[in-house]
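Structural overview
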Amino acid sequence: MSVTSNASSTESPDTDFRIDAGWIITMNAGNDVLPRHSLIVENGRISACLPWRDADVQFAHLPAQNAKDSILMPGLINAHTHLAMNLLRGFADDTPLKQWLENHIWPTESAHMGTSFVADGSELAIAESISNGVTTVNDMYFFPDEVAKVCRKAGIRATVGLLVFDFPTAWAGSTDEYFSKGIALHDACKGDPLIQTAFAPHAPYTVSQKPLERIATLSSELDIPVHMHVHETAFEVTEFVKAHGVRPIQRLHDIGLLSPSLLAVHLTQLTQDEISTLAETGVHAIHCPESNLKLASGQSPVADMLKAGVNVAVGTDGAASNNDLDLLGELRTAAFLAKLADGDASTLNAGTALRMVTIDAARALGLEHEIGSLEHGKSADCIVIKPDLGMIPVYDAQAQVVYTNSSPCVQDVWVAGKPLMRNRKLLTLDAERLYANAARWSEKIAENANLN
Ligand SMILES: [Zn+2]
């Protein structure tokens, strides 16, 4: 019996193409930067990387994207954010963290929290992320099912946080409900090529020992990461010691949460012994320098962690405490701060810094076999950066990306070979609708807070 189909099986799918780039920043083990090379993408995966002249011979049949005056590199990974907080960008600025959270952010969130707040806010943040070259986000927020839905629709890769708090919120009314909803979402995301989950207990001071023990067990059973704010401020550590007699990191260690599954965000307060413990246990540090600067939370000892062998990735945190999701800008801040803190201009060089938003961030999320570098077999999550007047001349492509204002030069973005932005035009999101949504929400939020 023969089977016929109207669909042609010989046509190249849209996810087969080549990109001819001036420089390819590979982020492979050797941090190689390849001048005048082409990246070959077949079925959304990288099948080869070779000089232009060889690509012209071997892959002449593939549609070519001309980026011969541009830099091609892996898509960026934002290792910590709260996407929907884009709706609160610029709200209650210049306020210390405790008052900022307790008097402004949490009351405002509880007044407006729901599926449409999360969907609209996340969509705005994804648009901003894509236009800054971000192809993967690690999110922590209420209604993670909505976050997953919006990410899926936009075509961005995401790890969505299964949020846990001790107290009830609009997302869940009890500890059990946080877990049951979280696990249901985890099950629903199984097999999704772009969306994975992580447990996201907010912080040691908002999630008590019992639920943290449950998370330690479940994360190991389900083999998923744990994403948590840890040691963000000195105040938080002091208060925890007063209440429990140990520092939060010691408590997490006792529970068994210090492991390669943990992504510990902020870490501005660390002793040398704690740095050694993080290195020994394989915890990933997520550095958010601009949020720490803006909220005057402190400075994470990045150079010391790197020297000790701790894997470090970078995140922007939410737009309310940053106030943007410009990950390359964040990286520049991280690099400059580390140099100043260390008193050494060679600290956190451009190549090492770039690893923190590509391959090392992928490692933190357990995705290093899939993304984070442009290598054979990996998913074609990549971006083209076309240097403008502020980026030329290009002596060192990596340094130019890290130390200049490169985000506005991101031209094209692909995830798994699917284009999400072409010539700075978003392809999966409607920009006009985003502006209208932001205006509608800001009016509502300002009215409620008596800002009008
Ligand atoms: Zn955060």
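The sections below set out a description of the structure shown in this document. In this text, all values refer to a predicted model and were calculated from it rather than measured experimentally.

On to the overall build of the protein chain. On a plain count of helices and strands, the protein chain comes out with 16 helices and 16 strands. Relative to the 2.2 N^0.38 estimate, which gives 22 Å for 452 residues, the radius of gyration of the protein chain is 22 Å and therefore close to what a compact globule would have. Projected onto its principal axes, the C-alpha positions of the protein chain cover 70 × 55 × 55 Å. Per-residue burial over the protein chain gives 50% buried out of 452 residues. Long-range pairs, those at least 24 residues apart, make up 73% of the contacts in the protein chain with a sequence separation of at least 6.

A few words on the packing of helix α3 (residues 115-131) against helix α16 (residues 431-448). Their axes nearest at 10 Å, the elements α3 and α16 cross at an angle of 130°. By the angle between their directions, the pair α3 and α16 is classed as oblique. For the crossing formed where α3 meets α16, the hand is left-handed. Between α3 and α16, the residues in contact are Asp-120, Glu-123, Leu-124 and Ala-127 and Ala-431, Leu-434, Asn-437, Ala-438 and Trp-441, respectively. When its residues are assigned to classes, the contact of α3 with α16 shows six nonpolar, one polar and two charged.

All right, on to the packing of α3 against helix α4 (residues 144-154) then. One way to put it is that α3 packs onto α4 with a least axis distance of 9 Å and a crossing angle of 40°. Pair α3 / α4 crosses with right-handed handedness. For the pair formed by α3 and α4, the contact residues are Thr-115, Val-118, Ala-119, Ser-122, Glu-123 and Ile-126 on the first element and Glu-146, Val-147, Val-150, Cys-151 and Ala-154 on the second. Of the residues that constitute the contact of α3 with α4, the class distribution is seven nonpolar, two polar and two charged.

Looking now at the nonpolar core. Within the largest apolar cluster, 132 residues are counted, with the highest numbers of intra-cluster contacts made by Leu-39, Leu-72, Ile-126, Ala-264 and Leu-331. In this view, Ile-126 contacts Leu-83, Val-150, Cys-151, Ala-154, Ile-156 and Leu-429; residues no more than four positions away in its chain are not counted.

Moving on, we come to the environment of Trp-414. As for its placement among the helices and strands, Trp-414 is situated in strand β14 (residues 410-415). By C-beta crowding, Trp-414 is classed as buried, having 25 other C-beta atoms within 10 Å. Trp-414 sits 32 residues away from Cys-382 along the chain, and the two C-alpha atoms are 5.4 Å apart. The residues contacting Trp-414, other than those within four sequence positions of it, are Ala-380, Asp-381, Cys-382, Pro-419 and Leu-420.

Turning our eyes to something else, we now look at the sheet that holds strand β16 (residues 425-426). Reading across the sheet, the eight strands line up as β3-β2-β1-β4-β13-β14-β15-β16 and stay open at both edges, with mixed pairing between neighbours. Among the strands making up the open sheet, the edge pair consists of β3 (45-51) and β16.

On to helix α6 (residues 209-222), then. A rise of 1.5 Å per residue sets the reference length of α6, with its 14 residues, at 20 Å; its end C-alpha atoms lie 20 Å apart and thus fit the reference within 8%. Every buried residue belonging to α6 is among Leu-212, Ile-215, Ala-216 and Ser-219, and all of these are buried. Considered in projection along α6, the buried side chains sweep an arc of 105° and stay on one side of the axis. Projecting away from the buried face of α6 at angles above 90 degrees are the exposed residues Lys-210, Thr-217 and Glu-221. The elements touched by buried residues of α6 are β7 (157-164), β8 (195-201), β9 (226-230) and α8 (248-255). At the exit of α6 stands Asp-223, carrying a positive phi of roughly 55°.

Across the nine residues of strand β1 (residues 17-25), nine count as buried, placing the element largely inside the fold. Direction of pairing for β1 relative to strand β2 (residues 33-42): antiparallel, over a ladder of eight bridges. Looking across to β2, one finds that Asp-20 is bridged to Ser-38. Here β1 runs beside strand β4 (residues 64-74); their pairing, made up of six bridges, is parallel. Note that in β4 the partner of Asp-20 across the bridge is Asn-66.

Now for unusual backbone geometry. That bond from Asn-322 to Asn-323 is cis: its omega, 10°, falls within 30 degrees of zero. Locating Asn-323 in the fold gives a position in the loop between β12 (311-314) and α12 (327-342). For the bond running from Ile-392 to Pro-393, omega is -5°, close enough to zero to count as cis. Phi is positive for Asp-317, close to 65°, though the residue is something other than glycine. Here Asp-317 is to be found in the loop between β12 and α12. On the basis of neighbour count, Asp-317 is assigned to the buried category, with 28 C-beta atoms found within 10 Å. The phi torsion at Leu-348 lies on the positive side, around 45°, for a residue other than glycine. With respect to the helices and strands, Leu-348 occurs in the loop between α12 and α13 (350-355). A residue is classified by how many C-beta atoms lie within 10 Å of it, and Leu-348, with 24 of them, is buried.

Another point: the pairing of β7. Consecutive residues of a regular strand have side chains that alternate between opposite faces of the sheet. Burial analysis of β7 places eight of its eight residues in the buried class, the great majority of the element. Alternating residues of β7 divide into Arg-157, Thr-159, Gly-161 and Leu-163 and Ala-158, Val-160, Leu-162 and Val-164, and every residue in both groups is buried. In terms of strand pairing, strand β6 (residues 134-139) meets β7 through four bridges, oriented parallel. In the strand pairing of β7, Thr-136 is matched with Arg-157. Taken together, the seven bridges between β7 and β8 define a ladder with parallel strand orientation. Within β8, the residue paired with Thr-159 across the bridge is Gln-196. A crossover links β7 with its parallel partner β8, the connecting element being helix α5 (residues 175-189), and its sense is right-handed.

Basis of the calculations
- Residues numbered from 1 in each chain as written.
- Predicted model: local features only at pLDDT ≥ 70, side-chain atom pairs only at ≥ 80, totals over all residues.
- Helix = DSSP H or I, 4+ residues; strand = E, 2+ residues; numbered from the N terminus.
- Rg over C-alpha atoms; globule rule 2.2 N^0.38 Å.
- Buried ≥ 20, exposed ≤ 12 C-beta atoms within 10 Å, placed from the backbone.
- Contact = placed C-beta atoms within 7 Å.
- Axes fitted to C-alpha atoms, helices over the stretch in contact; angles between N-to-C directions.
- Parallel < 35°, antiparallel > 145°, perpendicular 65-115°, else oblique.
- Left-handed = near helix turned anticlockwise from the far one by under 90°.
- Nonpolar A, V, L, I, M, F, W, Y, C, P; charged D, E, K, R; others polar.
- Core = buried A, V, L, I, M, F, W, Y, C linked by C-beta atoms within 7 Å.
- Pairing = 2+ DSSP bridges.
- Expected span 1.5 Å × (residues − 1).
- Arc of directions from axis to C-beta.
- Right-handed = clockwise from strand over helix to strand, strands pointing away.

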